[in-house]
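Structural characterization, general
Below, each chain spelled out in residue letters.
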Amino acid sequence: MSSESEIPKPDQEGEDESSKSASKKAAKKEAAKQEKLRRRQEAALAAAAASSLSIEEDPLASNYGNIPLQDLQSKVEADLKAWTQVGDLTHELTEKEVLIRGRAQTTRAVGKNMAFVVVREKGFTVQCVVTARPDVVSKQMVKFAAGLSRESIVDIHGVVSVPSIAIKGTTQQVEIQVSKLYCVDKAMPTLPINIEDASRSEKEIEEALEAGEQLVRVNQDTRLNYRVLDFRTSANQGIFRIQCQVCNIFRQFLLSEDFVEIHTPKLIAGSSEGGSAVFKLDYKGQAACLAQSPQLHKQMAICGDFGRVFEIGPVFRAEDSYTHRHLCEFTGLDVEMEIKQHYTEVMDIVDHLFVTMFDHLNKKCSKDLEAVGRQYPFEPLKYLPKTLRLRFEEGVQMLKEAGVEIDPYGDLNTESERKLGQLVLEKYGTEFYILHRYPLAVRPFYTMPCYDDPKYSNSFDVFIRGEEIISGAQRVHVPELLVERAQACGIDVSTISTYTDSFRYGAPPHGGFGAGLERVVMLFCGLNNIRKTSLFPRDPLRIAP
């Protein structure tokens, strides 16, 4: 999902067609399922409303209940120091009174005098015990706690205690002895998907089947239809916190290397990559499209003497790709920089940037990685302190020796990329490497040809676990050659005249690269589908929610 032009892989078309047919059937089936669920939810809400009318009188009623809307309309400024995060509830707070807010993940009544409520906040969970006590907790309050609908937002006052037996199923090994409990916002009695079901790993489901039990499996389309609920699983909390750190390290590293962050337009007059895979639109009577990458504008920024630039922003591709790694909209991590003598200077930045990123993720995001691994087990990424670099010819030779014939001037298809990834891992012990000096015919028009063989180019791709995550190259900065290359690739030069003219005013040698954020996270975490790492994925069949 790089920002460089992607030429469709030879084996992608068949995969797209079968995926397209299956996706349409699944979408139709899911629509019927949603309508049925909607009717069930309306019935459940009506029943809940009817039951709420019969509330017994209780002298301790002020200690619990639903908070009226008017009390939630910012009437009084809060003392934030009075609140404790669930993740901060430890043994050090034993016997201390705390106030927490979170979701009622589960509730369980133990007779009429006791109920347990597991409260979750930001992936952390704690067990809260509601026990009937004179002048503090009534039986009606116990009943209220046990009747809370799952995922409702609750405020709980109580004292922290340490149970004599370790608590299973919560992250925090303390309890809260509840004195007050209020419902801030009530969730629907029947949820479209249960968080417990959405949190299960395939291994759990398979083991249950072997034992003669059947557990609910939440499929991908259902997850995406109810994405807000799906986000609440520990794995998804981990995935998107890891994604946040990827952007953070990307930005901080490049700033430390004297790069300037820029923001390029996403509405452009002509194709930024060439080809027909663009989203076309009317722009005040003019033909326009959504940018396939910031490629042209980041090069223009180099011509404007910024020296080194980067961008984190949306990228749009209109290809009918139904694969596990393609999206119609993704987040691009783009870099462009002046080079003094050789395009390896760009590869040096890639090397140092991503090794720094991987080191940081392993060190600072261990809990998030564990959360992802519990639901989607994966092996930690194998990478070297100094990233391996292979020439394209060397990769072709490795494949040839393994019995895979490759056109020396063609591109690698998905299968050959994976095979080469296996061979590199076996020979060099790394799943992260750079393959450079690609054939010129398979690269974008703005790629600089090799000085010693014009059939090859000063370009590179970067791979994680046998899949491409980055494309980069030295760019053509000579305007006459740039126009010639654009015309050879079938691009209407008049639509990119402001771009080509930028090089007529004097342009330094330069190069850069682009990566897809979602694909980086997917492959680092060993996930099987890019939709798991896109907050609200957009593919050929999905434009909602």
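Residues numbered from 1 in each chain as written. Predicted model: local features only at pLDDT ≥ 70, side-chain atom pairs only at ≥ 80, totals over all residues. Heavy atoms only, no water.

Inclusion rule: UniProt positions are given in the numbering used here, feature names are shortened, and annotations may be inferred rather than shown by experiment.
Identification of the chain as aspartate--tRNA ligase from Populus tomentosa is taken from an unreviewed UniProt entry. According to UniProt, the comment filed for the chain under the heading Subcellular location (unreviewed entry) is "Cytoplasm". According to the UniProt record, the Catalytic activity (unreviewed entry) comment for the chain reads "tRNA(Asp) + L-aspartate + ATP = L-aspartyl-tRNA(Asp) + AMP + diphosphate".

Focus: the pairing of strand β9 (residues 280-283)
Selection rule: For two strands to be treated as a pair, DSSP must find at least two bridges joining them. In this text, helices come from DSSP runs of H or I with a minimum length of four residues, and strands from runs of E with a minimum of two, each type numbered from the N-terminal end.
Of the pairings in the sheet, the one linking β9 to strand β10 (residues 286-290) comprises 4 bridges and is antiparallel in character. In the strand pairing of β10, Lys 280 is matched with Cys 289.

Brief notes about the sheet that holds β10
Pairing between the strands of a sheet comes from backbone hydrogen bonds, and it takes one of two forms, parallel or antiparallel. Pairing within the open sheet is antiparallel, and its 3 strands lie in the order β8-β10-β9. Only two strands of the sheet have a single neighbouring strand rather than two, namely β8 (267-268) and β9.

Quick word on the pattern of salt bridges
Applied cut-off: Salt bridges, as used here, are contacts in which a Lys or Arg side-chain nitrogen is within 4 Å of a carboxyl oxygen on Asp or Glu. Per-residue accessibility, obtained with a 1.4 Å probe over protein chains only, is compared with the maximum for each type, and a residue is labelled buried under 20%, exposed over 50%, and partly exposed between these values.
As enumerated under the stated definition, the model contains 28 salt bridges in all. For Glu 257, the salt bridge goes to Arg 308, with nearest N and O atoms at 3.9 Å. Of this pair, Glu 257 sits in the loop between α7 (234-256) and β7 (260-261) while Arg 308 sits in strand β11 (residues 308-316); the two residues are 51 residues apart in sequence, bridging distant segments of the chain. Taking the relative accessible area as the measure of exposure, Arg 308 reaches 24% and is therefore partly exposed. Bridged by salt links that share partners, the residues Arg 103, Arg 120, Glu 151 and Arg 232 form one connected network.

Considering the packing of aromatic side chains
To keep things clear, this is the line we draw: Between 30 and 60 degrees the pair is tilted, below 30 it is stacked and above 60 it is edge-to-face, where a pair is any two Phe, Tyr or Trp rings, Trp via its six-membered ring, whose centres lie within 6.5 Å.
Applying the stated criterion across every chain yields a total of 15 aromatic pairs. With 6.0 Å between their ring centres and 35° between their planes, Phe 354 and Phe 432 make a pair best called tilted. Remark: Phe 432 occurs in strand β14 (residues 432-436) and Phe 354 occurs in helix α9 (residues 344-364); sequence separation between them is 78 residues. We note that Phe 354, like Phe 432, is buried.

A closer look at the side chain of Ser 201
Threshold: Here, two residues are considered to be in contact whenever any of their heavy atoms come within 4.5 Å of each other.
Here Ser 201 is to be found in the loop between α3 (195-198) and α4 (202-210). Excluding residues that lie within four positions of it along the chain, Ser 201 makes contacts with Arg 374 and Gln 375.

With respect to the layout of surface pockets
This is how it is decided: Whether a set of points on the 1 Å grid over the protein atoms alone is a cavity depends on a 1.4 Å probe fitting there but being unable to get out, while an open set qualifies as a pocket with protein on both sides within 12 Å along at least five of seven lines; lining residues are those with an atom within 4 Å of a point. Grid points are joined across faces, edges and corners, and a volume is the space filled by probe spheres set on the points. Gly falls in the polar group here, along with every residue not listed as nonpolar (Ala, Val, Leu, Ile, Met, Phe, Trp, Tyr, Cys, Pro) or charged (Asp, Glu, Lys, Arg).
Each pocket or cavity is described by its volume, and for the second largest pocket that value is around 790 Å³. Residue lining of the second largest pocket: 28 residues in total, with Gln 105, Gly 169, Glu 196, Ser 199 and Ser 234 positioned closest to the centre. Those elements that place two or more of their residues in the lining of the second largest pocket are β2 (97-109), β3 (114-121), β4 (124-131), α3, α7 and α10 (366-375). Taken together, the residues that form the lining of the second largest pocket break down as 5 nonpolar, 14 polar and 9 charged.

With respect to the sheet that holds strand β16 (residues 467-474)
The condition is simple: Convention adopted: a line fitted to C-alpha atoms gives each axis, helices being fitted over their contacting stretch, and angles between N-to-C directions are expressed from 0 to 180 degrees.
Pairing is mixed in the open sheet, where 8 strands are placed in the order β7-β11-β12-β17-β16-β15-β14-β13. The sheet is open, and its two borders are formed by β7 and β13 (388-391), each paired with just one other strand. Along the sheet, helix α8 (residues 295-303) contacts β11, β12 (329-338) and β17 (510-516); its crossing angle with β12, the most-contacted strand, is approximately 25°. Contacting β13, β14, β15 (459-464) and β16, helix α12 (residues 414-428) runs over the sheet at an angle of about 120° to β14.

Digging into the packing of α7 against α10
Angle between the axes and distance between the axes: these two values describe a pair of packed helices. The test is simple: Under this scheme an angle from 65 to 115 degrees is roughly perpendicular, one under 35 degrees roughly parallel, and one over 145 degrees roughly antiparallel; angles in between are oblique. In this scheme the crossing of two helices becomes right-handed for a clockwise turn of the near helix relative to the far one and left-handed for an anticlockwise turn of less than a right angle.
Two elements in contact, α7 and α10, have axes separated by 8 Å at closest approach and are oriented at 135°. Accordingly, the angle class assigned to the pair α7 and α10 is oblique. In this structure, α7 meets α10 at a crossing whose hand is left-handed. Residues Ser 234, Ala 235, Gly 238, Ile 239, Arg 241 and Ile 242 of α7 form the contact with α10, whose participating residues are Asp 368, Leu 369, Ala 371, Val 372, Arg 374 and Gln 375. The class makeup of the residues in the contact of α7 with α10 is 6 nonpolar, 3 polar and 3 charged.

Regarding helix α2 (residues 139-146)
For the record, the criterion: Of all possible arcs, the one meant is that of the directions from the helix axis to the C-beta atoms.
Looking at α2, one finds that the buried residues are Met 141, Val 142, Phe 144 and Ala 145. One side of α2 holds all its buried residues, which, seen down the axis, span an arc of 160°. Looking at the packing, one finds that the buried side of α2 touches β1 (64-66), β2, β3, β4 and β6 (175-185).

Side note on empty space enclosed by the protein
A full pass over the atoms with the stated rule returns 2 cavities of 30 Å³ or more. Computed from the structure, the largest cavity encloses a volume of approximately 60 Å³. Residue lining of the largest cavity: Gln 220, Arg 223, Leu 224, Arg 227, Asp 230, Asn 236, Tyr 376, Arg 531 and Lys 532, and that is the complete set. When contributions to the lining of the largest cavity are tallied by element, the ones reaching two or more residues are α5 (220-225) and α6 (227-230). No other element matches the 3 residues that α5 contributes to the lining of the largest cavity.

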